[in-house]
Amino acid sequence: MPVESVLELKGIAKEDKRAPYGYEISVEEIKILHKSHEDFPISKKYHGPDFLLQNRHLYLRSRKMQLILTIRSRVIQLIREWFTSRGYKEFQSPIFTSSAVEGGATLFPVKYVDGSTVYLTQSWQLYAEAAIASLGKIFTIAPSFRAEKSRTRRHLTEYWHVEAEIPFCDIEGLMKEEEELISFLCQNVAKEFEKELKELGRDPKDLLKVKPPFPRITYKEAIEILQKSGVKVKYGDDLGADEEKILASKFDIPFFVMFYPKGIKAFYHKLHPEDKSVTLSVDLLAPEGIGEIIGSGQRCDSYEELIERIKEENLDPKSYEWYLDLRKYGSVVHSGFGLGLERFLMWILKLDHIRDAIAFPRLINRVYP
Ligand code: NSS
C-alpha cells in the first residue's frame, strides 16, 4: 500500500521492547479504509524548510510536529488550570480595535464594513484594564497580530498571546505571578513529557531547574553588561533580538529586566516614582539566546500622568478617551503581562524557529496553506 494509506488491523498486541512504541501486533485481518495516491510529497529524503511549509497540511503528520502540537495543547490546558485555580476569570476582548496598544508601527489595517479603517488587536490590555474594575483578576489566551517587518526566528505576524491583568497589584506582585506561572509550566511539562522532550533534543533537567525566584537586572545593568561584552549600545537604545541573545546567553533560567526608559516603552506604563525618566516595566527573557518571552509592567493609574504621556508620545487623546475615563472613576494600582505562547514553546522545546511552535505559521512572506 502507498505510504499514508489507512488500514484497520485486527490481531494480538504483544509487548516487544524492540518496537518503537513498545508493542507489536501479530496481524490476523487487514481492512483497507483508504488507499492513498502514490505520490505523497514528503519522504525520508531531505526537504528544505520552504518545501515543508508549502506542504504544512501534510507535514503536520510528522513525528516532530505531532510532539510539538501535543505539548502545545497540554501547555494551554496547564495555563488555564493555573489561572483558574488562583481565582482568575477568563475574559475576552475584541479583535477589531480602533487604536494602538503597542505603537502604530506594527498595526494591521482592516477595511471595516462602514468604510472606515480599523486594526487587528496587538494586545487585549486596554480592554482588560476596563474589565478588572468589574471582574477582578482576569486572563485570556487569544490571537494577537503584529505587522512585523523583521524577518527573524522569533516573529510571527499572528501569534497566541497569554495575557493577565491584576488589580491591587504592583510590579513586585506582578513578577511573583510571572515566575510562578512559568515555573509551574516548566515543572509539569518536564514531568509529563520526559520522553518527548528528549526526542526533541531538550533535556527535561533544564526545565526542572526553573524555579522561583528568577534573577533580576535593571535595564541600566543590561546596557552595562552588553557594553562590557563589546556590543555598541548606549543607554536609551531598545534591546533587539541580537542584544537580548547576548544577555540571555549569560543565564540558564529565565530572568527579569526591569525599568526601561520611557522613550522605548508604551505610553501606558507608570513612571518610576523615584526616577520619572524610567518606567515600572519589566520583561522576562528566556535563556539560551531566546530573549523576551513576556512583556509586562505596572500601569499608569493617574489621569494627569497618563494624559501627559499620551501627548508626549504624540498619540491622539481622543482615541483614548474611554481609556482615560478608567483613571477618572475608581482607579487602582494595577499591573499585567503578556506571554507569547510560541516564544515560550520555542524555548522549552528547543526549536530553531518560532514557525514550528504553531500549526500553520503566519510569516511576513507566508499565509499559505
Ligand atoms: O508587546 S509586548 O511585549 N507586550 C504587550 O503586548 C503588552 N500589552 C502585554 C500585556 O501587558 N498585556 O508583547 C508581549 C509578548 C512578547 O514578550 C512576546 O513574547 C510576544 O508577546 N510577541 C510576539 N510573539 C511572536 N511574534 C511576534 N511578532 C510577537 N510580538 C510580541
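Residues numbered from 1 in each chain as written. Predicted model: local features only at pLDDT ≥ 70, side-chain atom pairs only at ≥ 80, totals over all residues. Heavy atoms only, no water.

Peer 1: Help me understand the site of the ligand in this model?
Peer 2: Contacts to the ligand come from 24 residues, most closely from E102, Q125, L156, E163 and E292. In the environment of the ligand, an oxygen atom lies 3.1 Å from a nitrogen or oxygen atom belonging to the side chain of Y159. Separating an oxygen atom of the ligand from a backbone N or O atom of I294 is a distance of 3.5 Å. When contributions to the shell around the ligand are tallied by element, the ones reaching two or more residues are β8 (158–167), β14 (291–298) and β15 (334–340). (Near = heavy atom within 4 Å. Polar contact = N/O pair within 3.5 Å; in protein donor to acceptor, adjacent residues only side chain to side chain. Helix = DSSP H or I, 4+ residues; strand = E, 2+ residues; numbered from the N terminus.)

Peer 1: Just checking my understanding: could you explain the nonpolar core for this structure?
Peer 2: With 63 residues, the main nonpolar core has F83, I182, I293, F344, W347 and I348 as its most contacted residues. At 10 residues, the largest contribution of residues to this core is made by helix α3 (residues 63–85). Once residues lying within four places of it in the same chain are set aside, the contact partners of I348 are V75, C186, V189, L197, R202 and L207. Core analysis: the second largest hydrophobic core is formed by 15 residues, V231, L247, F255 and L285 among them. (Core = buried A, V, L, I, M, F, W, Y, C linked by side-chain atoms within 4.5 Å. Buried < 20%, exposed > 50% of the residue type's maximum accessible area, 1.4 Å probe, protein only. Contact = heavy atoms within 4.5 Å.)

Peer 1: Can you help me understand the sheet that holds β15 in this one?
Peer 2: Hydrogen bonds between backbone groups are what pair the strands of a sheet, and the pairing can be parallel or antiparallel. Overall, mixed pairing links the eight strands, which are arranged β3-β7-β8-β15-β14-β13-β10-β9 in an open sheet. Two strands lie at the open edges of the sheet, namely β3 (89–90) and β9 (216–218), each paired on one side alone. Two elements, β8 and β15, share seven bridges in a ladder whose sense is antiparallel. Pairing of I166 across the sheet is with S335, part of β15. Helix-sheet contacts for α3 involve β3, β7 (138–145), β8 and β15, and the interaxial angle to β7 is about 145 degrees. Taken strand by strand, helix α8 (residues 219–228) contacts β9 and β10 (255–258), and its axis lies near 85 degrees from that of β9. (Pairing = 2+ DSSP bridges. Axes fitted to C-alpha atoms, helices over the stretch in contact; angles between N-to-C directions.)

Peer 1: Would you take a moment to explain a nonpolar patch on the surface for this structure?
Peer 2: A contiguous nonpolar patch, built from M1, L7, L9, I25, V27, I30 and I32 and spanning about 640 Å² of accessible area, is present on the exposed surface. Those elements giving two or more residues to the nonpolar patch turn out to be β1 (6–15) and β2 (23–34). Element by element, the count of residues in the nonpolar patch is highest for β2, at four residues. Its place among the elements puts I30 in strand β2. (Patch = residues over 30% accessible without salt bridge, like charges linked within 9 Å, V, L, I, M, F, W, Y side chains within 5 Å. Areas by Shrake-Rupley, 256 points an atom, 1.4 Å probe, with all protein chains shown as cover. Salt bridge = Lys/Arg side-chain N within 4 Å of Asp/Glu carboxyl O.)

Peer 1: Any chance you could explain the packing of α8 against helix α9 (residues 241–248) here in plain terms?
Peer 2: Relative orientation and spacing of two packed helices are given, respectively, by the angle between their axes and the distance between those axes. At a closest axis distance of 10 Å, the pairing of α8 and α9 adopts a crossing angle of 85 degrees. The angle between α8 and α9 falls in the class roughly perpendicular. Contact residues: A222, I225 and L226 in α8; E243, I246 and L247 in α9. Of the residues in the contact of α8 with α9, the class split is five nonpolar, no polar and one charged. (Parallel < 35°, antiparallel > 145°, perpendicular 65-115°, else oblique. Nonpolar A, V, L, I, M, F, W, Y, C, P; charged D, E, K, R; others polar.)

Peer 1: Can you walk me through helix α4 (residues 125–135) in this structure?
Peer 2: An α-helical turn contains 3.6 residues, so a residue and the one three or four places further along point in the same direction. Taken as a whole, α4 has its buried residues at Q125, L126, A128, E129, A131 and I132. On the buried face of α4, the contacting elements are β7, β8, α11 (321–325) and β15. Taken from the residues just after α4, G136 is the one with a positive phi, measuring 85 degrees.

Peer 1: Would you mind showing me how to read the packing of aromatic side chains here?
Peer 2: One pair of aromatic rings is described through two measures. These are the centre distance and the angle between the planes. With the rule as written, the count across this model stands at 17 aromatic pairs. A centroid spacing of 5.5 Å and a plane angle of 80 degrees characterise the contact between F96 and Y112, whose relative ring orientation is edge-to-face. Taken together, the residues F96 in strand β4 (residues 96–97) and Y112 in the loop between β5 (108–111) and β6 (117–120) connect sequence positions 16 residues apart. Judged by relative accessible area, which is 33%, Y112 ranks as partly exposed. (Phe/Tyr/Trp six-rings, centres within 6.5 Å; stacked < 30°, edge-to-face > 60°.)

Peer 1: Explanation requested: the packing of α3 against helix α12 (residues 341–348) in the structure shown.
Peer 2: In the contact formed by α3 and α12, the axes pass within 11 Å of each other and the chain directions differ by 120 degrees. As far as their axial angle goes, α12 and α3 are oblique. Here α3 runs over α12; the crossing is right-handed. Residues R72, V75, I76 and I79 of α3 lie in contact with α12, whose contacting residues are L341, E342, F344, L345 and I348. Here the contact of α3 with α12 is composed, by residue class, of seven nonpolar, no polar and two charged. (Left-handed = near helix turned anticlockwise from the far one by under 90°.)

Peer 1: Is there a simple way to explain the side chain of T157 in this structure?
Peer 2: The residue T157 is located in the loop between β7 and β8 in this model. You can call T157 buried: its relative accessible area is 10%.

Peer 1: Would you mind showing me how to read the environment of Q298 here?
Peer 2: For Q298, the position within the fold is in strand β14. Residues in contact with Q298, not counting those within four places in the same chain, are D170, I171, L174, Y268, H269, K270, L280, V333, H334 and S335. In terms of polar contacts, Q298 uses its side chain to reach the backbone amide nitrogen of I171, at 3.0 Å.

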